[in-house]
Amino acid sequence: GVFSFSFSRRTVSPCLSSRYNSYSSLSKDEEEKEKNRVSLLSPTQKIEELKALDKEIARLNSLRGINTGELYTVRGKMKALARDYGLAFTAIWTGVW
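Throughout, residues of each chain are indexed from 1 in the direction in which the sequence is written. Per-residue local features are limited, in this predicted model, to residues with pLDDT of at least 70; the limit for side-chain atom pairs, both in listing and counting, is 80 or more; totals at the level of whole chains, interfaces and linings are taken over all residues. Think of the side-chain values as coming from all heavy atoms in the structure, minus any hydrogens and water.

**Side note on the overall build of the protein chain**
Stage number 1. In DSSP terms, a helix is any run of H or I states spanning at least four residues, a strand is any run of E spanning at least two, and both are numbered starting from the N terminus. Within the protein chain, the regular secondary structure consists of five helices and two strands.
Stage number 2. Along the protein chain, helices and strands appear, N-terminal first, in the series β-β-α-α-α-α-α.
Stage number 3. Burial status follows relative accessibility: with a 1.4 Å probe on protein chains alone, a residue under 20% of its type maximum counts as buried, one over 50% as exposed, and anything between as partly exposed. Relative to its 97 residues, the protein chain shows a buried fraction of 8%.
Stage number 4. Counting contacts in the protein chain only where the partners sit at least 6 residues apart, residues at least 24 apart contribute 6% of the total. It only takes one pair of heavy atoms within 4.5 Å for two residues to be counted as in contact.

**Quick word on the packing of helix H4 (residues 74–85) against helix H5 (residues 87–96)**
Stage number 1. Angles run from 0 to 180 degrees between N-to-C directions of axes, and those axes are lines fitted to C-alpha atoms, restricted for helices to the stretch in contact. Between H4 and H5, the shortest axis-to-axis distance is 7 Å and the interhelical angle comes to 130°. Comparing their axes, H5 and H4 come out oblique. Residues Met 78, Leu 81, Ala 82 and Tyr 85 of H4 touch H5, and the partners they reach there are Leu 87, Phe 89, Thr 90, Trp 93 and Thr 94.
Stage number 2. Side-chain classes are defined by residue name, with Ala, Val, Leu, Ile, Met, Phe, Trp, Tyr, Cys and Pro counting as nonpolar, Asp, Glu, Lys and Arg as charged, and the others, Gly among them, as polar. The residue makeup of the contact of H4 with H5, split by class, is seven nonpolar, two polar and no charged. To sort the angles, those under 35 degrees are grouped as roughly parallel, those over 145 as roughly antiparallel, those from 65 to 115 as roughly perpendicular, and the leftovers as oblique.

**Some remarks on the layout of surface pockets**
Stage number 1. What the largest pocket holds in volume is close to 230 Å³.
Stage number 2. Buriedness for pockets is judged along seven lines, at least five of which must meet protein on both sides within 12 Å for an open set on the 1 Å grid over protein atoms alone, while cavities are sets there where a 1.4 Å probe fits but cannot get out, and lining residues have an atom within 4 Å of a point. Lining the largest pocket are 13 residues, and of these Asn 61, Gly 65, Gly 76, Ala 80 and Arg 83 lie nearest its centre.
Stage number 3. At the level of elements, helix H3 (43–68) and H4 are the ones that each hand at least two residues to the lining of the largest pocket.
Stage number 4. The biggest single contributor to the lining of the largest pocket is H4, with six residues.
Stage number 5. Considering only residue class, the lining of the largest pocket consists of three nonpolar, four polar and six charged. Grid points are joined across faces, edges and corners, and a volume is the space filled by probe spheres set on the points.

**Section: the pattern of salt bridges**
Stage number 1. Put simply, a salt bridge is a Lys or Arg side-chain nitrogen that is within 4 Å of an Asp or Glu carboxyl oxygen. The tally for this structure, following the rule as stated, stands at seven salt bridges.
Stage number 2. Among the salt bridges present, the one from Glu 34 reaches Arg 37, with a minimum N-O distance of 2.6 Å. Separated by three residues within a single helix, Glu 34 and Arg 37 lie in helix H2 (residues 28–39), roughly one turn from each other.
Stage number 3. The class of Glu 34 is partly exposed, set by a relative accessible area of 32%.
Stage number 4. For Arg 37, a relative accessible area of 34% translates into the label partly exposed.

**What to know about H4**
Stage number 1. A helix is expected to span 1.5 Å multiplied by its residue count minus one. Given a rise of 1.5 Å per residue, twelve residues ought to cover 16 Å, and the 16 Å separating the end C-alpha atoms of H4 matches this to within 8%.
Stage number 2. Of the residues one or two after H4, Gly 86 is the one with positive phi, at around 100°.

**Things to note about the confidence of the model for the protein chain**
Stage number 1. Confidence scores per residue from the predictor, reported as pLDDT, run from 0 to 100. On average, residues of the protein chain score 79 in pLDDT, and 75% of them reach the 70 mark or higher.
Stage number 2. Of all secondary-structure elements in the protein chain, the lowest mean pLDDT belongs to strand S1 (residues 6–7), at 47, while H2 reaches the highest, 94.
Stage number 3. Segment residues 1–21 is flagged for pLDDT under 50; beyond a separation of four residues in sequence, or across chains, it makes 18 contacts in the model.

This is the structure we're talking about:
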């Protein structure tokens, strides 16, 4: 099916959402199975799973930074700061610092 994603008050049109799905590492069957599995979780279980996933993503981002060498450069640290906290926070932090 075609889904509509909302970010803040904007909605991605269905014609654009297919572009996002084309980069998914999950097949359509795997995606549907995961949606069904997550729909059966309690809110507490969802929060715990999201925390575990966030921890794994942070670990993978660190490994990627080591692999590319960006972890040890000012540019790489700024990219990580922008990725993790957002561009606006990065601009304010840089201005204050």
